[in-house]
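One letter stands for each residue in the lines below.
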Amino acid sequence: MRSNQNNLHRGSLRGTAAACFLALVASCHSHDDDGNVITSGPGAGSTGAFTFSGDVASDGTPVQRGEFFDCTAVRLDGGTPDIESWSILTGPGGALANIGGTDMVRFVAGDPGFYVIEAVDFDGSRGTYGFNVANDPANLMVVDVVAGTDSDPVAASLATGGDTDLFIAERIGGSSAPQVLARADRSGDRLISTNLAYKIQDLAADDAGNLTAIRTESTLTAALVRLDRDLNEDTSFSAPDLGTTQWRELVAMTRGGETLVPVDLNGGSLLRLDATGAPAGGTPEMSLLDLGLPFADIIDVATDIDGAAYVATTTQIARVATTGAVDTVYWSPEDQVAIRGIATDEDGVLFVALQDADGGQCGSIRKLDWTGLEFRRLIEFSDGTEFAARKILAPVSLGVYPDGAWRLYDDIVTLNPNFPSAAWILAADPPTNN
């Protein structure tokens, strides 16, 4: 994780361009909810030498626990201040993070309650901003429930393609059951499906809806399969035969259609393949990016809109730039938490599915910004009809659309006594709630 201490000084502020700001921001304005305004010290809204501005939510709702917003300090005469330090004066938790110029700061919300942040200029000018953080309701939408029992140790795989496509590889019913590959819409309704003679270990899609799937085979050529949006196999696709080189049965695709596979070359690398399966650099040796983490420990791979790759083990995530530069400590969860899957949206948000140790079996979805700062934690399903609010139990696979809406495959045995054969549930966080 990156810097998120309660006091930030100019010497530690990054030079990240304002263009890197995420679209997923909550409002930076006053909220005077009854019972939340303190009776002493700075009050709600802007006071002192500055006003504070940011992207204002269209519905005017306050930021919720675990979310963030970006604030900019402006002098009362409209000028840009040279802030020496930012700090949280009042509030039940929360953190501040560097995001760019000295007049800007990111606030990551802690527990619900009233907060006051302070900015101090080098000339001694001071200003405060008071606001409320709301409670974090269960806002996950149940999209689909699939009947059956999952006795197969290989569970399921999801992939999103473009703005609308959701690809679902269902492995339900044991080793003798056929695997069904389907393309669904955003609501989970299957539009087209096909039975496969093999079982997909992992699945990835590009923005055009092309798929690359990986199955268990003795050669990488046979293991990788390319399919179009209508689930027809592209027989001209042929990955190189790597001989005795090992690979992980994991696959990622860039939005432009390049395929990435973790291979045991040069101590562990990502092999880049073009749309035909040929090495993107001309030869396998010229098409490698350093994994950044031990090859044998890799459990998932994802790419962002710029083509950079994220590589996950159960305990940490590395970011691999297209130049090959590696940030091996991009993010690591707390103790007793295991990473299960990762995916990205087009704004640079990394989504992480986790198995948590929180009073028993449960899971969560975490959201990280482009610096590796965690700003959101989601733990419950609730749709008010078939299911009461309940925790994520065993997250298996995660798919994220470019706009940040996401789909989760949660592997469970029974959701409700009225649905004893339910094997898994597909849920989502609507983008308007991000």
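What you are looking at is a predicted structure, and each value in this text was computed from that prediction instead of being measured. Throughout this description, residue numbers start from 1 for each chain and increase along the sequence as written. With pLDDT at 70 or above as the cut-off, local features in this predicted model cover only qualifying residues; side-chain atom pairs require 80 or more to be listed or tallied, and sums for whole chains, interfaces and linings still use all residues. Neither water nor hydrogens contribute to the side-chain values; these are computed over all heavy atoms in the structure.

A short note on the overall build of the chain
1) Next: Secondary structure follows DSSP: runs of H or I at least 4 residues long count as helices, runs of E at least 2 residues long count as strands, and numbering of each begins at the N terminus. Within the chain one finds one helix and 34 strands.
2) Next: Looking at the chain residue by residue over its 434 residues, the buried ones come to 54%.
3) Next: Only the protein chains shown count as cover for residues, and the accessible areas themselves come from Shrake-Rupley with a 1.4 Å probe. About 17,100 Å² of surface is accessible on the chain, with carbon and sulfur atoms providing 47% of the total. Exposure is judged per residue with a 1.4 Å probe applied to protein chains only, and the accessible area is read against the type maximum: over 50% gives exposed, under 20% gives buried, and values in between give partly exposed.

Considering the packing of aromatic side chains
1) Next: Only the six-membered ring of Trp is used, alongside the rings of Phe and Tyr, when aromatic pairs are assigned; centres must lie within 6.5 Å, and planes under 30 degrees apart are stacked while those over 60 apart are edge-to-face, with the rest tilted. Taken as a whole and judged by the stated rule, the model has eight aromatic pairs.
2) Next: Pairing Phe 52 with Tyr 129 gives two aromatic rings, centres 5.8 Å apart and planes at 45°, and the pair type is tilted. With a gap of 77 residues between them, Phe 52 in strand β3 (residues 50-53) and Tyr 129 in strand β9 (residues 126-133) connect regions that are remote in the sequence. There is no split in this pair, since Phe 52 and Tyr 129 are both buried.
3) Next: Three or more aromatic residues joined by ring pairs form one cluster here, namely Phe 50, Phe 52, Trp 86, Phe 107, Tyr 115, Tyr 129 and Phe 131.
4) Next: Above the face of the Tyr 401 ring, Arg 186 is positioned so that its terminal group lies 4.3 Å from the ring centre. Two limits define a charge over a ring: the Lys NZ or Arg CZ must be within 6 Å of the ring centre, and within 35 degrees of the ring normal.

A few points about the sheet that holds strand β21 (residues 288-290)
1) Next: When DSSP locates at least two bridges between a pair of strands, those strands are taken to pair. Strands sit in the order β18-β19-β20-β21 across an open sheet of four strands; the sheet is antiparallel. At either margin of the open sheet sits one strand with a lone partner, and together these are β18 (252-253) and β21.
2) Next: Where strand β19 (residues 259-263) meets strand β20 (residues 269-273), five bridges bridge the pair, whose relative direction is antiparallel. Following the sheet pairing, Leu 260 is matched in β20 by Arg 272.

Section: the pattern of salt bridges
1) Next: Any carboxyl oxygen of Asp or Glu that lies within 4 Å of a side-chain nitrogen of Lys or Arg is treated as forming a salt bridge with it. In the structure shown here, the tally under the stated rule is 13 salt bridges.
2) Next: With a closest N to O distance of 2.6 Å, Asp 165 and Arg 229 form a salt bridge. Note that Asp 165 is positioned in strand β12 (residues 165-170) and Arg 229 in the loop between β17 (224-227) and β18, a separation of 64 residues in sequence.
3) Next: Take Asp 165: its relative accessible area is 4%, and that puts it in the buried class.
4) Next: Across the pair Glu 258 and Arg 272 runs a salt bridge whose closest N-O atoms are separated by 2.9 Å. Here Arg 272 lies in strand β20 and Glu 258 lies in the loop between β18 and β19, a separation of 14 residues in the sequence.
5) Next: Take Arg 272: its relative accessible area is 22%, and that puts it in the partly exposed class.

Considerations on the pairing of strand β24 (residues 317-320)
1) Next: Bridge count for strand β23 (residues 309-312) against β24 is four bridges, and the pairing is antiparallel. Looking at β24, one finds that Ala 309 is bridged to Val 320.
2) Next: Connecting β24 to the next strand, strand β25 (residues 326-331), in antiparallel fashion are five residues, including Gly 324 with a positive phi near 100°.

Some points on unusual backbone geometry
1) Next: Despite not being glycine, Leu 231 shows a phi value in the positive range, around 70°.
2) Next: Along the polypeptide, Leu 231 turns up in the loop between β17 and β18.
3) Next: Classification of Leu 231 as buried rests on a relative accessible area of 8%.

Digging into the sheet that holds strand β7 (residues 104-108)
1) Next: On the basis of which strands lie adjacent, the open sheet formed by four strands has the order β3-β4-β7-β6 and antiparallel pairing. Since the sheet does not close on itself, it has two edges, and those belong to β3 and β6 (95-97), each with one partner. Sheet twist, expressed as the mean angle between neighbouring strand axes with direction ignored, is 35°. Lines are fitted to the C-alpha atoms to define the axes, a helix being fitted only along its stretch in contact, and any angle between axes, read from their N-to-C directions, falls within 0 to 180 degrees.

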